[in-house]
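# Per-entry structural report
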Amino acid sequence: MRAVALGLILSAVAVPCLAQTILKSEPLILAPYEVAFVQDPSCPVGKVLKVTGAIRGLHRRKICVSLASEQASLVTATP
(Lines give C-alpha, C1' and ligand atoms only; values in the text may rest on other atoms or scores of the structure.)
Protein backbone atom coordinates (compact mmCIF):
# COMPACT_ATOMS: atom_id res chain seq x y z
CA MET A 1 0.00 0.00 0.00
CA ARG A 2 2.88 2.37 0.78
CA ALA A 3 4.41 1.68 -2.64
CA VAL A 4 1.17 2.70 -4.39
CA ALA A 5 0.91 5.89 -2.34
CA LEU A 6 4.56 6.73 -3.03
CA GLY A 7 4.02 6.14 -6.75
CA LEU A 8 1.03 8.49 -6.80
CA ILE A 9 2.97 11.21 -4.98
CA LEU A 10 5.96 10.93 -7.32
CA SER A 11 3.77 11.02 -10.44
CA ALA A 12 1.94 14.12 -9.15
CA VAL A 13 5.27 15.89 -8.68
CA ALA A 14 6.72 14.80 -12.03
CA VAL A 15 3.79 15.91 -14.26
CA PRO A 16 4.25 19.70 -13.83
CA CYS A 17 7.90 19.35 -14.84
CA LEU A 18 6.87 18.34 -18.36
CA ALA A 19 5.46 21.79 -19.22
CA GLN A 20 7.67 24.19 -21.21
CA THR A 21 7.78 27.90 -20.40
CA ILE A 22 7.52 30.33 -23.30
CA LEU A 23 9.22 33.68 -22.70
CA LYS A 24 8.14 36.97 -24.26
CA SER A 25 11.73 38.04 -24.91
CA GLU A 26 15.03 36.25 -25.40
CA PRO A 27 17.11 35.99 -22.20
CA LEU A 28 20.37 37.95 -22.15
CA ILE A 29 22.28 35.19 -20.37
CA LEU A 30 21.83 31.57 -21.40
CA ALA A 31 24.12 28.77 -20.22
CA PRO A 32 25.80 26.59 -22.85
CA TYR A 33 23.33 24.03 -24.25
CA GLU A 34 20.47 25.46 -22.16
CA VAL A 35 17.20 25.77 -24.11
CA ALA A 36 14.68 28.63 -23.93
CA PHE A 37 11.43 28.96 -25.87
CA VAL A 38 10.57 32.51 -26.99
CA GLN A 39 7.39 33.93 -28.52
CA ASP A 40 8.84 35.62 -31.61
CA PRO A 41 7.05 37.35 -34.52
CA SER A 42 9.61 35.99 -37.03
CA CYS A 43 8.20 32.47 -36.55
CA PRO A 44 4.98 31.39 -38.31
CA VAL A 45 1.69 31.08 -36.44
CA GLY A 46 1.66 28.10 -34.07
CA LYS A 47 5.45 27.98 -33.72
CA VAL A 48 7.90 29.41 -31.18
CA LEU A 49 11.59 30.22 -31.37
CA LYS A 50 13.81 27.59 -29.71
CA VAL A 51 17.05 29.22 -28.54
CA THR A 52 19.97 27.02 -27.47
CA GLY A 53 22.87 28.57 -25.56
CA ALA A 54 26.40 28.22 -26.90
CA ILE A 55 29.91 28.23 -25.48
CA ARG A 56 31.93 31.44 -25.56
CA GLY A 57 32.77 32.63 -29.05
CA LEU A 58 29.95 30.78 -30.83
CA HIS A 59 26.50 32.02 -31.81
CA ARG A 60 23.31 30.78 -30.21
CA ARG A 61 21.31 28.27 -32.20
CA LYS A 62 17.81 29.53 -33.12
CA ILE A 63 15.07 27.56 -34.85
CA CYS A 64 11.26 27.77 -35.06
CA VAL A 65 9.52 24.72 -33.57
CA SER A 66 5.91 23.84 -32.82
CA LEU A 67 4.78 22.97 -29.30
CA ALA A 68 1.51 21.41 -28.20
CA SER A 69 -0.66 23.90 -26.31
CA GLU A 70 -0.85 21.62 -23.26
CA GLN A 71 2.97 21.61 -23.02
CA ALA A 72 3.49 25.36 -22.96
CA SER A 73 2.74 28.24 -20.64
CA LEU A 74 3.31 31.93 -21.41
CA VAL A 75 5.30 33.95 -18.86
CA THR A 76 7.38 37.11 -18.86
CA ALA A 77 11.15 37.01 -18.89
CA THR A 78 12.84 38.12 -15.70
CA PRO A 79 16.08 40.08 -15.94
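Refer to the structure printed above.
What counts and how
- Residues numbered from 1 in each chain as written.
- Predicted model: local features only at pLDDT ≥ 70, side-chain atom pairs only at ≥ 80, totals over all residues.
- Heavy atoms only, no water.
- Helix = DSSP H or I, 4+ residues; strand = E, 2+ residues; numbered from the N terminus.
- Buried < 20%, exposed > 50% of the residue type's maximum accessible area, 1.4 Å probe, protein only.
- Contact = heavy atoms within 4.5 Å.
- Core = buried A, V, L, I, M, F, W, Y, C linked by side-chain atoms within 4.5 Å.
- Salt bridge = Lys/Arg side-chain N within 4 Å of Asp/Glu carboxyl O.

This part is about the overall build of the protein chain. For the protein chain, the count of helices and strands is 1 helix and 5 strands. Helices and strands appear in the protein chain in the N-to-C order α-β-β-β-β-β. Every one of the 79 residues in the protein chain was classed for burial, and the buried ones make up 16%. For the protein chain, the proportion of contacts with a sequence separation of at least 24, taken over those separated by at least 6, is 31%.

Before going further, it helps to spend a moment on the nonpolar core. Counting residues in each nonpolar core, the largest one holds 7 residues, listed as Leu-23, Leu-30, Ala-36, Val-38, Cys-43, Leu-49 and Val-51. If you list the elements that add at least two residues to this core, you get strand S2 (35-38) and strand S3 (47-52). Not counting residues up to four positions away in its chain, the partners in contact with Val-51 are Glu-26, Leu-30, Glu-34, Val-35, Ala-36, Val-38, Arg-60, Arg-61 and Lys-62.

Here we take up the pattern of salt bridges. The final tally for this structure, using the stated rule, is 2 salt bridges. Between Arg-60 and Glu-26 there is a salt bridge, with the nearest N and O atoms lying 2.7 Å from each other. One end of the pair, Arg-60, is in the loop between S3 and strand S4 (61-66); the other, Glu-26, is in the loop between strand S1 (20-23) and S2, and 34 residues separate them in sequence. In this structure Arg-60 comes out as partly exposed when scored by relative accessible area, which is 25%. Relative accessible area serves as the criterion here: at 28%, Glu-26 is assigned to the partly exposed category. In this structure, Lys-62 and Glu-26 form a salt bridge, with 3.2 Å as the shortest nitrogen-oxygen distance. Of this pair, Lys-62 sits in strand S4 while Glu-26 sits in the loop between S1 and S2, and the two are 36 residues apart along the sequence.

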